[in-house]
Amino acid sequence: EPEVTQTPSHQVTQMGQEVILRCVPISNHLYFYWYRQILGQKVEFLVSFYNNEISEKSEIFDDQFSVERPDGSNFTLKIRSTKLEDSAMYFCASSEQTDTDTQYFGPGTRLTVL
Amino acid sequence: KQEVTQIPAALSVPEGENLVLNCSFTDSAIYNLQWFRQDPGKGLTSLLLIQSSQREQTSGRLNASLDKSSGRSTLYIAASQPGDSATYLCAVRRSSGGSNYKLTFGKGTLLTVNP
């Protein structure tokens, strides 16, 4: 069964460093998302992406964040200068269409900022 | 602003029991509602998706209902098994209009099924 994959599973970085989290969505899906979950808190929406542009973003997704689909399969989230409060589990998701379809989530990348 | 609440926060039941998990949302203008399962330190597994026009969806031992006007959904698990132990999350998508794709999540119900 097709699934969303994410790498790495765990990333440790120093405050102020740039990180890139990678995702491979399900191959025939057109809509891509990033969410995050700070330990003990709710899953929060960050950004959605369609047709090579951002379609919606939350107030969390400020200028330090960016997303890209550099080729036909990968979808990346970049954090330019990490802060301690960026430590969280980051989930990538994809859906075939937005209107009726399920969002399928990857296993997540645990980001630890020291 | 949409708020999603799940009650109870934790539930412990003996194996074989039928149980109900509750989800409520403040803005009834939703497009769909999705139930997920999350195992410790893992990703989210989609269980059921209910469109706003539907009243319920079933998958195996799971049945989810939706009462949009009252802002409530329930997830019914029949004949619970230890393997059902996980956190169950409810998430709603706002009504379509522009590009409202995001899911708003509840905090989840931690279910423990004891053998």
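Provided above is the structure to which this section pertains.
Only a predicted model underlies this, so the values are computations on that prediction, with no experimental measurement involved.

Secondary structure assignment for chain B yields zero helices and 11 strands. Secondary structure elements of chain B occur, N-terminal to C-terminal, as β-β-β-β-β-β-β-β-β-β-β. For 115 residues, the compact-globule formula gives about 13 Å, and the C-alpha radius of gyration of chain B, at 14 Å, lands near that figure. Projected onto its principal axes, the C-alpha positions of chain B cover 50 × 30 × 20 Å. Here chain B holds 115 residues, and the buried ones make up 43% of them. The contacts of chain B with a sequence gap of at least 6 include a subset with a gap of at least 24, amounting to 55%. The centroid of the 11 positive side-chain charges in chain B is displaced by 10 Å from the centroid of its 8 negative side-chain charges.

This next bit is on the interface of chain B and chain A. Quite often, the size of an interface is put as the accessible area lost when its parts meet. Taken together, the 26 residues of chain B in the interface contact 23 residues of chain A. Of the roughly 1,900 Å² buried where chain B meets chain A, counting both sides, 52% is carbon and sulfur surface. A salt bridge links E3 of chain B to K42 of chain A; its shortest N-O distance comes to 4.0 Å. Remark: the boundary between chain B and chain A carries seven residue pairs in polar contact (both at pLDDT 80 or more). Among the secondary structure elements, those contributing two or more residues to the side of chain B that touches chain A are β4 (30–38), β5 (44–51), β9 (86–94) and β10 (103–105) of chain B. Tallied by class, residues from the side of chain B that touches chain A come to nine nonpolar, 11 polar and six charged.

A word on the packing of aromatic side chains. Aromatic ring pairs are reported here in terms of the distance separating the ring centres and the angle at which the planes meet. A complete count under the given rule lists 13 aromatic pairs over all chains for this structure. Both rings, one in Y33 of chain A and one in Y35 of chain A, keep their centres 6.4 Å apart while their planes meet at 40 degrees; by these two values the pair is tilted. You can call Y33 of chain A buried: its relative accessible area is 1%. When its relative accessible area of 0% is taken as the criterion, Y35 of chain A is described as buried. When the ring of F105 of chain A is compared with that of F105 of chain B, the centres are 6.0 Å apart and the planes differ by 90 degrees; the resulting orientation is edge-to-face.

Attention now moves to the state of the cysteines. Enumeration according to the criterion identifies two disulfides over all chains in this entry. Here C23 of chain A connects covalently by a disulfide to C92 of chain A, the sulfurs 1.9 Å from one another. On the S-S bond that ties C23 of chain A to C92 of chain A, the torsion sits near -65 degrees, and the link is left-handed. Highlighted residues: C23 of chain A in strand β3 (residues 19–24) and C92 of chain A in strand β9 (residues 88–95), separated in sequence by 69 residues. A sulfur-sulfur distance of 1.9 Å marks the disulfide that ties C23 of chain B to C90 of chain B. Handedness here is read from the sign of the S-S torsion; for C23 of chain B and C90 of chain B, about -55 degrees, the answer is left-handed.

Moving on, we get to the side chain of D84 of chain B. All names here are of chain B. Of note, D84 is situated in the loop between β8 (72–77) and β9. The exposure class of D84 is buried, given its relative accessible area of 8%. Within the structure, D84 has its side chain in polar contact with the side chain of R61 (distance 2.8 Å). The contacts of D84, once residues within four sequence positions are left out, are R37, R61, I77, L111 and V113.

All names here are of chain A. Across four bridges, strand β5 (residues 43–50) lies against strand β6 (residues 53–57) in antiparallel orientation. When the bridges of β6 are listed, Y50 appears paired with E53. With antiparallel pairing between neighbouring strands as the criterion, β5 and β6 make up a hairpin whose turn holds two residues, including N51 at a positive phi of roughly 55 degrees.

With that settled, consider unusual backbone geometry. A cis amide bond, omega -10 degrees, links T7 of chain A with the succeeding residue P8 of chain A. Relative to the assigned elements, P8 of chain A resides in the loop between β1 (5–7) and β2 (10–13). For the bond running from I7 of chain B to P8 of chain B, omega is 0 degrees, close enough to zero to count as cis. Looking at the secondary structure, you find P8 of chain B in the loop between β1 (4–7) and β2 (10–14).

Thresholds applied
Residues numbered from 1 in each chain as written. Chains lettered and ligands numbered in written order. Predicted model: local features only at pLDDT ≥ 70, side-chain atom pairs only at ≥ 80, totals over all residues. Heavy atoms only, no water. Helix = DSSP H or I, 4+ residues; strand = E, 2+ residues; numbered from the N terminus. Rg over C-alpha atoms; globule rule 2.2 N^0.38 Å. Buried < 20%, exposed > 50% of the residue type's maximum accessible area, 1.4 Å probe, protein only. Contact = heavy atoms within 4.5 Å. Lys, Arg positive; Asp, Glu negative; His and termini not counted. Charge placed at Lys NZ, Arg CZ, Asp CG, Glu CD. Buried area = accessible area lost by both parts, 1.4 Å probe. Salt bridge = Lys/Arg side-chain N within 4 Å of Asp/Glu carboxyl O. Polar contact = N/O pair within 3.5 Å; in protein donor to acceptor, adjacent residues only side chain to side chain. Nonpolar A, V, L, I, M, F, W, Y, C, P; charged D, E, K, R; others polar. Phe/Tyr/Trp six-rings, centres within 6.5 Å; stacked < 30°, edge-to-face > 60°. Disulfide = S-S within 2.5 Å. Pairing = 2+ DSSP bridges.

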